[in-house]
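Spelled out, the chains give:
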Number of protein chains: 2
Amino acid sequence: MRKVFLFMDTIFNKVDAKGRVSLPADYRAIAKELSTEIVCYRSLNAPCIEGCLEDSLDKLATEIENSTDFFSETQDNLTNLIFGDARRFVFDSTGRIMLTEKLLKHAEITDMAVFVGKGRKFQIWNPKNWEKEEARIRAEVMQKRPVLKMQKEQE
Amino acid sequence: MRKVFLFMDTIFNKVDAKGRVSLPADYRAIAKELSTEIVCYRSLNAPCIEGCLEDSLDKLATEIENSTDFFSETQDNLTNLIFGDARRFVFDSTGRIMLTEKLLKHAEITDMAVFVGKGRKFQIWNPKNWEKEEARIRAEVMQKRPVLKMQKEQE
DNA sequence: TTGAATCCCATAAAATACCATGTTATACCA
DNA sequence: TGGTATAACATGGTATTTTATGGGATTCAA
């Protein structure tokens, strides 16, 4: 039994004509062990698909339910965007899920997909787009490194 | 057996001449597994139908009972509106429910309906109206994103 | 008896489960 | 450490099931 559950690594898989793609074995193992399902939705911040465990969304739903701000308009809007877009993706016996047109289009994915681990979440990118994004992120982190270092030293 | 119960995704279904519409399969599965019924009412905030599990309304009733704000006029009014409007909608063997004139009129639905997941609830919209509403919400969330991001980082 | 609601059957399309295979990664043993 | 046996994995293809939806039959109440 594993103690921690993190989506990690960067995995390239093929997307076939039907939109089927193998979920990385490690990701499947996590969902199986926690007996929960994988949920995917369009990222709000980038042209990619975002995935997480259904448990995570359930947690979010509970938080919203118990919030004193129950009738808050912002939260009402957010739930529409998140839950309206998300969907469970149950993988078959060979470990594949079938991505929808909507998701594929948003991420500009055609025949290849990259799974990028993000800890509690993961993302699915078009390989070309991910290459650019990774370079961009790397550059940004490099630039901010002096600041990060300073903060650490203060602790 | 599923662990969590969330209404998700956005599904377009036809409303036939008799007013019948298929409840999305996943929504049906939730009601079945929890052996509870689907309840619908006119949304208080938007021109759409709102639906949830009968369990959820029961929970709401209990919360209001236990609330220190028991004699709050606002809550009194809200409960009047919701419970006065709500009705169970049992789906037939093919998974369809029959929406009432009152609900259809409120949501301006004629021959097509969009089911929009909201976690513990869902909404049913006229496709055109939903299109506009989604654009509106997306714009608003984007505008408020910096604030949301700050809140998240504080967690 | 007439109109409306409910139930049941039929069908086409789409989603899902299953089987087969080549390749890669892992485990095991000398 | 090197080499081989074994298991796991991604992926192509096919079979089966599920789902939405049209139409008709039946029931119930006004």
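Residues numbered from 1 in each chain as written. Chains lettered and ligands numbered in written order. Predicted model: local features only at pLDDT ≥ 70, side-chain atom pairs only at ≥ 80, totals over all residues. Heavy atoms only, no water.

Account for the pattern of salt bridges, naming residues and giving values.
Applying the stated criterion across every chain yields a total of 23 salt bridges over all chains. One salt bridge in this structure joins Arg120 of chain B and Asp58 of chain A, with 3.1 Å as the shortest N-O distance. Note that Arg120 of chain B is positioned in the loop between strand S7 (112–117) and strand S8 (121–125) and Asp58 of chain A in helix H2 (residues 54–66), a pairing that runs across two chains. You'll find Arg120 of chain B and Asp58 of chain A in the same group, each marked buried. Measuring nitrogen to oxygen at the nearest pair gives 3.2 Å for the salt bridge that ties Arg138 of chain A to Glu134 of chain A. Of this pair, Arg138 of chain A and Glu134 of chain A both sit in helix H5 (residues 127–154), four residues apart, roughly one helical turn. Each of the salt bridges in this network shares a partner with another, and the network as a whole consists of Arg42, Asp85 and Lys102 of chain A together with Glu134 and Arg138 of chain B. (Salt bridge = Lys/Arg side-chain N within 4 Å of Asp/Glu carboxyl O. Helix = DSSP H or I, 4+ residues; strand = E, 2+ residues; numbered from the N terminus. Buried < 20%, exposed > 50% of the residue type's maximum accessible area, 1.4 Å probe, protein only.)

Got a sec to walk through the side chain of Asn126 of chain A? Specific residues and values, please.
All names here are of chain A. Along the polypeptide, Asn126 turns up in the loop between strand S8 (121–125) and H5. Assessed through its relative accessible area of 15%, Asn126 is described here as buried. There is a polar contact of 2.8 Å between the side chain of Asn126 and the backbone nitrogen of Lys128. Apart from the residues within four sequence positions on either side, Asn126 is in contact with Ala107, Glu108, Ile109, Met112 and Val114. (Polar contact = N/O pair within 3.5 Å; in protein donor to acceptor, adjacent residues only side chain to side chain. Contact = heavy atoms within 4.5 Å.)

Which residues make up the packing of aromatic side chains, and what values go with them?
Summed over the entire model, instances satisfying the criterion amount to twelve aromatic pairs over all chains. Measuring from ring centre to ring centre gives 5.6 Å for Trp125 of chain A and Trp130 of chain A, while their planes differ by 50°; the resulting arrangement is tilted. Aromatic side chains Tyr27 of chain B and Phe122 of chain B sit 5.0 Å apart centroid to centroid with 45° between the ring planes, which places their arrangement in the tilted category. Placement of Tyr27 of chain B in helix H1 (residues 25–33) and of Phe122 of chain B in strand S8 is noted, with a sequence separation of 95 residues between them. We note that Tyr27 of chain B, like Phe122 of chain B, is buried. Put simply, the rings of Phe7, Tyr27, Phe115 and Phe122 of chain A touch in pairs and so form one group of aromatic residues. In this structure, Arg87 of chain B is placed above the aromatic ring of Phe89 of chain B, and the distance from its NZ or CZ to the ring centre is 4.5 Å. (Phe/Tyr/Trp six-rings, centres within 6.5 Å; stacked < 30°, edge-to-face > 60°. Lys NZ or Arg CZ within 6 Å of the ring centre and 35° of its normal.)

Account for the pairing of strand S3 (residues 38–42) of chain A, with residues named and values stated.
Residues and elements named next belong to chain A. Here S3 lies mainly inside the structure; five of its five residues are buried. Taking every second residue as pointing to the same face, both faces of S3 are buried, with Ile38, Cys40 and Arg42 on one and Val39 and Tyr41 on the other. Relative to strand S4 (residues 49–53), S3 is paired through five bridges, and the arrangement is antiparallel. Bridge assignment links Val39 to a residue of S4, and that residue is Cys52. Connecting the antiparallel pair S3 and S4 is a turn made up of six residues. (Pairing = 2+ DSSP bridges.)

Let's hear about the protein's contact with DNA strand C: which residues, and what values?
Every residue near DNA strand C is listed here: Lys18, Arg20, Asp92, Ser93, Thr94, Arg96 and Met98 of chain A together with Lys18, Arg20, Thr94, Arg96 and Met98 of chain B. Restricting the count to atoms of DNA strand C within 4 Å of the protein gives a sugar and phosphate share of 21%. At a separation of 3.5 Å, a base oxygen of DNA strand C approaches a polar side-chain atom of Lys18 of chain B. Of all elements in the fold, only strand S6 (96–98) of chain A together with strand S6 (96–98) of chain B reach the threshold of two or more residues within the surface near DNA strand C. Partitioned by chemical class, the residues of the surface near DNA strand C number two nonpolar, three polar and seven charged. (Near = heavy atom within 4 Å. Nonpolar A, V, L, I, M, F, W, Y, C, P; charged D, E, K, R; others polar.)

Mind laying out the protein's contact with DNA strand D, listing which residues take part and the relevant values?
Taken together, 24 residues form the shell around DNA strand D, and within it Lys14, Lys18 and Arg28 of chain A together with Lys18 and Arg28 of chain B come nearest. Among the atoms of DNA strand D close to the protein, meaning within 4 Å, 51% are from sugar or phosphate groups. At 2.6 Å, a side-chain N or O of Lys14 of chain A approaches a phosphate oxygen of DNA strand D. Counting residues per element, the ones that place at least two in the surface near DNA strand D are strand S1 (10–14), strand S2 (20–22) and helix H1 (25–33) of chain A together with strand S1 (10–14), strand S2 (20–22) and H1 of chain B. In terms of residue class, the surface near DNA strand D is made up of six nonpolar, six polar and twelve charged.

So, the side chain of Glu50 of chain A: which residues are in play, and what are the values?
By secondary structure assignment, the location of Glu50 of chain A is in strand S4. Separated by 3.0 Å, the side chains of Glu50 of chain A and Lys121 of chain A make a polar contact.

Kindly report on the relation of the copies chain A and chain B, identifying the contributing residues and their values.
Between the two copies, chain A and chain B, the superposition gives an RMSD of 0.7 Å; the rotation angle is 35° and the shift along the axis is 7.9 Å. Of the residues that chain A buries at the interface, just 7% are likewise interface residues in chain B, meaning the two copies contact each other through different surfaces. (Least-squares fit on C-alpha atoms with pLDDT ≥ 70 in both.)

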